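# Report on the structure
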Amino acid sequence: MIRSAKPSDVPVIHAMIRELADYERAPQEAKATEEQLREALFGAHPAVFALIAEEAGGAGGPAGPVGFALWFRNFSTWTGTHGVYLEDLYVIPRARGGGHGKALLAELARICVERGYARFEWPVLDWNEPAIGFYAAIGAEAMDEWTVRRLSGEPLRALAAQAMGTAVTSDFLSEATSLSN
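Bear in mind that the values here come from a model prediction, so they are computed numbers and not experimental data.

How each quantity is defined
Residues numbered from 1 in each chain as written. Predicted model: local features only at pLDDT ≥ 70, side-chain atom pairs only at ≥ 80, totals over all residues. Heavy atoms only, no water. Axes fitted to C-alpha atoms, helices over the stretch in contact; angles between N-to-C directions. Helix = DSSP H or I, 4+ residues; strand = E, 2+ residues; numbered from the N terminus. Left-handed = near helix turned anticlockwise from the far one by under 90°. Contact = heavy atoms within 4.5 Å. Nonpolar A, V, L, I, M, F, W, Y, C, P; charged D, E, K, R; others polar. Core = buried A, V, L, I, M, F, W, Y, C linked by side-chain atoms within 4.5 Å. Buried < 20%, exposed > 50% of the residue type's maximum accessible area, 1.4 Å probe, protein only. Pairing = 2+ DSSP bridges. Expected span 1.5 Å × (residues − 1). Arc of directions from axis to C-beta. Salt bridge = Lys/Arg side-chain N within 4 Å of Asp/Glu carboxyl O.

## Description of the packing of helix α1 (residues 10-23) against helix α2 (residues 34-42)
With their axes 10 Å apart at the nearest point, α1 and α2 run at an angle of 115° to one another. The two elements α1 and α2 cross, and the hand of that crossing is right-handed. Where α1 approaches α2, its residues Val-10, Pro-11, Ile-13, His-14 and Ile-17 are matched on the opposing element by Glu-34, Leu-37, Arg-38, Leu-41 and Phe-42. Partitioned by chemical class, the residues of the contact of α1 with α2 number seven nonpolar, one polar and two charged.

Here it is as structure tokens:
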């Protein structure tokens, strides 16, 4: 079963994000806290959304989350419509092969179609052959001619300083971060 995430799902989403970061060989990059996720997903102005894949417990026991999809709206200037950008898709190892990943993607595709969104996009690591094969099997097109660029850390602060007309120090960044939390 696929359902929208609830505030009580935040701890399990957080734990699965950590598992995903381990799988993607970057556990040190997963710095989000439960509080940050709760605010982003359920605060006054949610900017991201999450779906939960749930399976029934054994012997009539309670259902339990086995996967999640975290997404947000993007916008295409070429089509003039919003789309869905899938940030993370994860299914716990013991539940893989049970159709949960496909069900999460199908629900996001349904949201796109229902809302008139033109695109559904997501990244995949170039070494993640199981995911690449899975995505190809559902008809996802590889966008090989596009590459992603990222600014973070010192290069991000240096570029921001150009707009601000001043050096962005780590003290400034710490203060700005504490104000946004």
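Once you've had a look at it, read on.
## Structural notes on the nonpolar core
Judged by nonpolar contacts, the single largest core of 36 residues is most densely connected at Ile-13, Phe-68, Ala-69, Leu-86, Leu-89 and Leu-108. Where this core is concerned, the elements lending two or more residues are α1, α2, β2 (49-55), β3 (64-76), β4 (81-91), α3 (100-115) and α4 (129-137). Among the elements that make up this core, the one with the highest residue count is α1 (six residues).

## A few points about the environment of Ala-50
Tracing the backbone through its elements, the reader meets Ala-50 in strand β2. Its relative accessible area of 7% is what places Ala-50 among the buried residues.

## Focus: the sheet that holds β4
Two orientations exist for strands paired in a sheet by backbone hydrogen bonds: parallel and antiparallel. Strand order in the open sheet formed by five strands is β1-β2-β3-β4-β5, and the pairing between neighbours is mixed. Lying at the two open borders of the sheet, with one neighbouring strand each, are β1 (2-4) and β5 (119-121). The sheet shows a mean angle of 30° between the axes of neighbouring strands, direction not considered. The sheet contact formed by β3 and β4 spans ten bridges and is antiparallel. By the bridge assignment for β4, Arg-73 is matched with Val-84. Contacts from α3 reach β1, β2, β3, β4 and β5 within the one sheet, and its direction differs from that of β4 by about 170°.

## Observations concerning α1
Its 14 residues place the ends of α1 20 Å apart at the C-alpha level, agreeing with the 20 Å of an ideal helix rising 1.5 Å per residue. Turning to α1, its buried residues are Val-10, Ile-13, His-14, Met-16, Ile-17, Leu-20 and Ala-21. In an axial view of α1, the angular spread of the buried residues amounts to 165°, which keeps them on one side of the axis. If you follow the buried residues of α1, they end up packed against α2, β2, β3 and β4. Arg-25 sits one or two positions beyond α1 and adopts a positive phi of about 65°.

## Regarding the pattern of salt bridges
Taken as a whole, this structure holds six salt bridges when the rule is applied. Between Arg-3 and Asp-9 there is a salt bridge, with its nearest N and O atoms 2.7 Å apart. Asp-9 carries the same exposure label as Arg-3, and that label is buried. The salt bridge partner of Glu-107 is Arg-110, with a shortest N-O separation of 2.6 Å. Placement of the pair is Glu-107 and Arg-110 together in helix α3, with a separation of three residues, close to one helical turn.

## Some words on the pairing of β2
Along any regular strand the residues' side chains alternate between the sheet's two faces. Burial analysis of β2 places five of its seven residues in the buried class, the great majority of the element. Here three bridges tie β1 to β2, and the two strands are oriented antiparallel to one another. Paired with Ile-2 across the bridge in β2 is Ala-53. Relative to β3, β2 runs antiparallel, the two sharing seven bridges.

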